[in-house]
Each structure stands twice: as structure tokens, then as C-alpha cells.
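Fold and geometry: a report
Below, each chain spelled out in residue letters.
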Amino acid sequence: MGKTALLLGITGLVGEALAKSILADARYDKLVSFHRRKSGISHPKLEEHVVDLFELQKYKDAFKADVVFCCIGTTQAKTSDKEEYKKIDYGIPVAAAKLCSANNIPKLIVISALGADPKSSVFYNKTKGEMERDVLKHNIKETYFLQPSLLAGNREEQRTLEKLAVGAFKVFNLFLVGPLQKYQSIKPKAIVQTMQYLAFNTYSENRIESDEIKKIAN
């Protein structure tokens, strides 16, 4: 019997790439996806649930898998209201962790962010840090947080400043060496490969920074 994976965030840059990887992988029998709008992906192994992600607890009976991938996230540019931002980047992963615990799902893999710290004075980093802290309170057998730097990829929506930053980082990456390597931009493919690795293997650390993501992917 193959694994059943459950994915939150299939319509995002990493989530879509991860979904396609899982669907093409014979080690999985099923991919269950919870999202707010249709993914546009058609596959016999895909079971889609179009739901309100702010009310995940209502779908406890369908929230079952061997591994849960949480690729949920927004940006301050896209979601300027801090309360709404926290409902997405904090509330959804924590709700997912609660369901994993309730349904005895042994593994949860979450995309967080480099610099996540509940004591940070930066709202974005503080929110991610609080999310990590409170996800761990649910005592899932294995929980991993991937902390990527800037994603180097083409998103559906236009983000002019982000595109400029990605372009600049192609140059900056050459100078970010040694301890600074973790600040290099990272491709979605590396994150997907690492998430896939973690789905079938254990790892010594809960939190995996951007440079370590690349090492695992390779």
C-alpha cells in the first residue's frame, strides 16, 4: 500500500509543484487537497475538497493521511491587514496541527520562513515563529519546518518588487558564502525535493534553514 498525502496550498507556487510531484510518484496512492478554489489539476489520485480553510476543524473526518504538507502562506503586500495575515500564516498551520494530533497523523511538514522567531520585532518573522511554537505544542510524532529564503520562481500574481529582488539575488548569491549561504535565493524545486525526502525519512532537526534545504534536495 502506498502513502496518502494531504496538501494545504495546492494553488501556490510550491504547493502546485509539490502536488505534481506527488501525483507522479508511485509511492503515493492518493493526494487529498484542501483549498479555497479549484486547482485546475486533474488526476485519478487527486481528491479535492474546496473549503473555507479558516474552518478546517469542520472537515476532521476527511482530514486523514500518512503525511500532511502545509504550503499555506501569503505576503504583506498581498494581505496588508495584519489580522487577516495572521489568520492565514498562523491560524491555518496551527489548525492543521490540531487535526493531525486528533487523527493520529504521524508527520507534518510546514513551509515557514527564514528568520522565524516568536520574539522578533518584525511582524512577519514573529508570526512565523509563533506558528512554529504553537504547532509543536500538538506533539505530532514528526514535525518539520522548512525555512526558505527568497523564492526564485514565477508566481501567478505579479509582484514587481519581488521580481526585482529575485533578479538582484542572482547577483548577490555569488557573494553569500559560508555562514551567509542560507540567505541565497532558493528554487521551489529544492523545497519540493526536500519535502518529499522528509515524507519518507526522519531528520535530526525540526527546523531546516534554506541552505540545509538545498543540501537535502541534492
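Refer to the preceding data block for the structure.
The model shown is predicted, which means the values in this text are computed figures rather than measured ones.

Along its length, the protein chain carries 6 helices and 7 strands. For the protein chain, the sequential pattern of α-helices and β-strands runs β-α-β-β-β-α-β-α-β-α-α-β-α. Buried residues in the protein chain amount to 48% of all 218 residues. A fraction of 68% describes how many contacts in the protein chain between residues 6 or more apart in sequence connect residues 24 or more apart. Element-wise, carbon and sulfur atoms account for 51% of the exposed surface of the protein chain, whose accessible area totals about 11,300 Å².

Take helix H2 (residues 82-102) next. For H2, spanning 21 residues, the distance from its first C-alpha to its last is 29 Å, which sits close to the expected 30 Å at 1.5 Å a residue. A bend of about 35° at Gly91 is the largest found in H2, and the proline Pro93 appears one to four places after it. Those residues of H2 that sit buried are Tyr85, Ile88, Asp89, Ile92, Pro93, Val94, Ala96, Ala97, Leu99 and Cys100. Summarising the contacts, the buried residues of H2 are in contact with strand E1 (3-8), strand E4 (67-70), strand E5 (107-111) and helix H3 (123-136). You can read the cap of H2 off the contacts: a side-chain oxygen lies 3.2 Å from the backbone nitrogen of Glu83, and it is on Asp81. Residue Asn104 follows H2 closely and has a positive phi angle near 55°.

It is worth spelling out the packing of aromatic side chains at this point. Overall, the coordinates contain 5 aromatic pairs when judged by the stated rule. A centroid spacing of 6.3 Å and a plane angle of 50° characterise the contact between Phe34 and Tyr59, whose relative ring orientation is tilted. Of this pair, Phe34 sits in strand E2 (residues 28-35) while Tyr59 sits in the loop between strand E3 (46-50) and E4; the two residues are 25 residues apart in sequence, bridging distant segments of the chain. A relative accessible area of 26% places Tyr59 in the partly exposed class. Joined through ring pairs, the aromatic side chains of Phe34, Tyr59 and Phe63 make up one cluster.

Another aspect to go through is the pattern of salt bridges. All chains considered together, the criterion is met by 13 salt bridges. One salt bridge in this structure joins Glu55 and Lys58, with 2.7 Å as the shortest N-O distance. What makes Glu55 partly exposed here is its relative accessible area of 27%. Residues Glu130 and Lys86 are paired through a salt bridge, measuring 2.8 Å at the closest nitrogen-oxygen approach. Placement of Glu130 in helix H3 and of Lys86 in helix H2 is noted, with a sequence separation of 44 residues between them. On the basis of relative accessible area, Glu130 is assigned to the buried category, the value being 10%. Salt bridges linked by common partners bring Lys86, Lys126 and Glu130 together as one network.

With that settled, the discussion passes to unusual backbone geometry. The phi angle at Asn104 is positive, at roughly 55°, despite the residue not being glycine. Considering the arrangement of structural elements, one finds Asn104 in the loop between H2 and E5. Residue Asn104 is classed as exposed on the basis of its relative accessible area, which comes to 68%.

Take the side chain of Thr127 next. Considering the arrangement of structural elements, one finds Thr127 in helix H3. The contact partners of Thr127, leaving out residues within four places of it in the chain, are Tyr85, Lys86, Asp89 and Tyr90.

Parameters and conventions
- Per-chain numbering applies: the sequence of each chain, read as written, is numbered from 1 onward.
- In keeping with the model being predicted, local features are shown solely for residues with a pLDDT of at least 70 and side-chain atom pairs are shown and tallied solely at 80 or more, while totals for entire chains, interfaces and linings include all residues.
- Only hydrogens and water are set aside when side-chain values are computed; all heavy atoms of the structure are taken into account.
- Strands are runs of DSSP state E lasting at least two residues, helices are runs of H or I lasting at least four, and both sets are numbered from the N terminus onward.
- The rule is simple: take the accessible area with a 1.4 Å probe, protein chains only, and divide by the maximum for that residue type; under 20% is buried, over 50% is exposed, in between is partly exposed.
- Contacts were defined at the residue level, with two residues in contact if any of their heavy atoms lie within 4.5 Å.
- Each accessible area is a Shrake-Rupley estimate made with a 1.4 Å probe; only the visible protein chains count as cover when residues are assessed.
- Each residue after the first adds 1.5 Å to the expected span of a helix.
- Throughout, the bend at a residue refers to the angle made by two axes, fitted to the seven residues ending there and to the seven starting there.
- Polar contact is the term for a pair of N or O atoms within 3.5 Å; when the atoms are in protein, one must be able to donate a hydrogen and the other to accept it, and sequence-neighboring residues count only if both atoms are side-chain atoms.
- To pair, rings of Phe, Tyr and Trp, with the six-membered ring standing in for Trp, must have centres within 6.5 Å; the planes then decide the type, stacked if under 30 degrees apart, edge-to-face if over 60, and tilted in the middle.
- Every case where a carboxyl oxygen of Asp or Glu lies within 4 Å of a side-chain nitrogen of Lys or Arg is listed as a salt bridge.

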